[in-house]
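# Analysis of the macromolecular model
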Amino acid sequence: QVQLVESGGGLVQAGGSLRLSCAASGRTFNIAAMGWFRQAPGKEREFVATVNWSGGSTFHSDSVKGRFTISRDNAKMTVYLEMSSLAPEDTALYYCAASRVRGFTVVAADSYDYWGQGTQVTDSS
């Protein structure tokens, strides 16, 4: 099993920045990719970004490209989501997820095997 713990959410004004962190523990040797998803009230869970755990290649959704950046620190087994130019529509519960799928850019939620509990990001404007 893999345990994921997110942190870093909070209130932020439109145009502001925030950094989310997700620490992985347990059987982390199984992890091939990690990603961030978000879910706003009344909406479906949405893919945000993913990073290949070994090579470090990244992929961001069009809705956050140029504003959010995913990265990872292998030594700390931690993935980050740097968010800038935040907008009201970015308000959501943000989830970290880990996938065992190798060789593909993993964007589908059902391709992720482990999930964190979520951290809330809210526009305070």
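Quick note: structure is the one above.
Per chain, residues are indexed from 1 in the order of the written sequence. Thresholds applied to this predicted model are a pLDDT of at least 70 for local features of residues and 80 or more for the giving and counting of side-chain atom pairs; totals over whole chains, interfaces and linings are not thresholded and use all residues. Side-chain measures here rest on the full set of heavy atoms in the structure, leaving out hydrogens and waters.

### Description of the nonpolar core
Defined as follows: The nonpolar core is taken to be a set of buried Ala, Val, Leu, Ile, Met, Phe, Trp, Tyr and Cys residues, with the residues joined through side-chain atoms within 4.5 Å. Here's how the labels work: a residue is buried when its accessible area is under 20% of the maximum for its type, exposed when over 50%, partly exposed in between, all with a 1.4 Å probe on protein chains only. Helix numbers and strand numbers start at the N terminus; a helix is a DSSP run of H or I with at least 4 residues, a strand a run of E with at least 2. In what follows, a contact means two residues having at least one pair of non-hydrogen atoms within 4.5 Å.
Counting 29 residues, the largest nonpolar core has Leu4, Met34, Trp36, Val79, Leu81, Met83 and Tyr94 as its most contacted members. Looking at this core, the elements with two or more residues in it are β1 (2-7), β3 (18-26), β4 (33-39), β5 (46-52), β7 (68-73), β8 (78-83) and β9 (92-99). In this structure Tyr94 touches Glu6, Leu20, Trp36, Phe37, Arg38, Val48, Phe68, Leu81, Met83, Gly118, Thr119 and Val121, once residues within four positions along its chain are discounted. By size, the runner-up hydrophobic cluster in this structure holds 6 residues, among which are Ala33, Phe37, Val106 and Tyr112.

### Brief notes about the pattern of salt bridges
Let me state the cut-off plainly: Each reported salt bridge corresponds to a side-chain nitrogen of Lys or Arg within 4 Å of a carboxyl oxygen of Asp or Glu.
Under the counting rule described, the total for this entry stands at 6 salt bridges. Across the pair Asp62 and Lys65 runs a salt bridge whose closest N-O atoms are separated by 3.2 Å. In this structure, a network of salt bridges that share partners links the residues Arg38, Glu46, Arg67 and Asp90.

### As for unusual backbone geometry
Residues apart from glycine generally show negative phi values, whereas peptide bonds are mostly found in trans. The phi dihedral of Met77 is positive, around 50 degrees, even though this residue is not glycine. Position of Met77 relative to the elements: it lies in the loop between β7 and β8. Classification of Met77 by relative accessible area gives buried; the value is 17%. Phi angles above zero are rare outside glycine, and Ser85 is one such case at about 50 degrees. Mapping Ser85 onto the fold places it in the loop between β8 and β9.

### Considerations on the side chain of Arg38
To keep things clear, this is the line we draw: In protein, a polar contact requires one atom able to donate a hydrogen and another able to accept it; more generally it is a pair of N or O atoms within 3.5 Å, and residues adjacent in sequence count only if both atoms are side-chain atoms.
With respect to the element layout, Arg38 can be found in strand β4. Judged by its relative accessible area of 6%, Arg38 is buried. At a separation of 2.8 Å, a polar atom in the side chain of Arg38 contacts the side chain of Asp90. Not counting residues within four places of it along the chain, the set of residues in contact with Arg38 comprises Glu44, Arg45, Glu46, Val48, Ser63, Val64, Phe68, Glu89, Asp90, Ala92, Leu93 and Tyr94.

### Comments concerning the sheet that holds β8
Quick reminder of the rule: Strand pairing follows a simple DSSP-based rule, namely that at least 2 bridges must link the two strands. Lines fitted to C-alpha atoms define the axes here, with helix axes fitted over just the stretch in contact, and angles between the N-to-C directions of these axes take values from 0 to 180 degrees.
The strand order β1-β3-β8-β7 describes an open sheet built from 4 strands, whose pairing is antiparallel. Each having just a single partner strand, β1 and β7 make up the two edges of the open sheet. In this sheet, neighbouring strand axes are inclined to one another by 15 degrees on average, regardless of whether the strands run parallel or antiparallel. Bridge analysis of β3 against β8 gives 6 bridges, and the strand direction is antiparallel. Of the residues in β8, the one forming a bridge with Leu18 is Met83.

### Focus on the packing of aromatic side chains
As a reminder, the rule being used: When two rings of Phe, Tyr or Trp (its six-membered ring) have centres within 6.5 Å they constitute a pair, described as stacked for plane angles under 30 degrees, edge-to-face for angles over 60, and tilted for the intermediate range. Look at NZ for Lys and CZ for Arg. If either is within 6 Å of the ring centre and within 35 degrees of the ring normal, a charge sits over the ring.
Taken as a whole and assessed by the stated rule, the structure comprises 6 aromatic pairs. When the centroid spacing of 5.0 Å and the interplanar angle of 55 degrees are considered together, the rings of Phe37 and Trp115 count as tilted. Of this pair, Phe37 sits in strand β4 while Trp115 is found in strand β10 (residues 114-115), placing the two residues 78 residues apart along the sequence. Seen from their ring centres, Phe47 and Phe59 are 6.0 Å apart, and the 25 degrees between their planes marks the pair as stacked. One end of the pair, Phe47, is in strand β5; the other, Phe59, is in strand β6 (residues 58-60), and 12 residues separate them in sequence. With relative accessibility at 39%, the residue Phe59 sits in the partly exposed group. One aromatic cluster is present, formed by Phe37, Phe47, Phe59, Tyr95, Tyr112 and Trp115 through successive ring pairs. The ring centre of Tyr95 lies 4.0 Å from the NZ or CZ of Arg45, which sits over that ring. One residue, Arg45, lies across the ring of Trp115, its end atom 4.6 Å from the ring centre.

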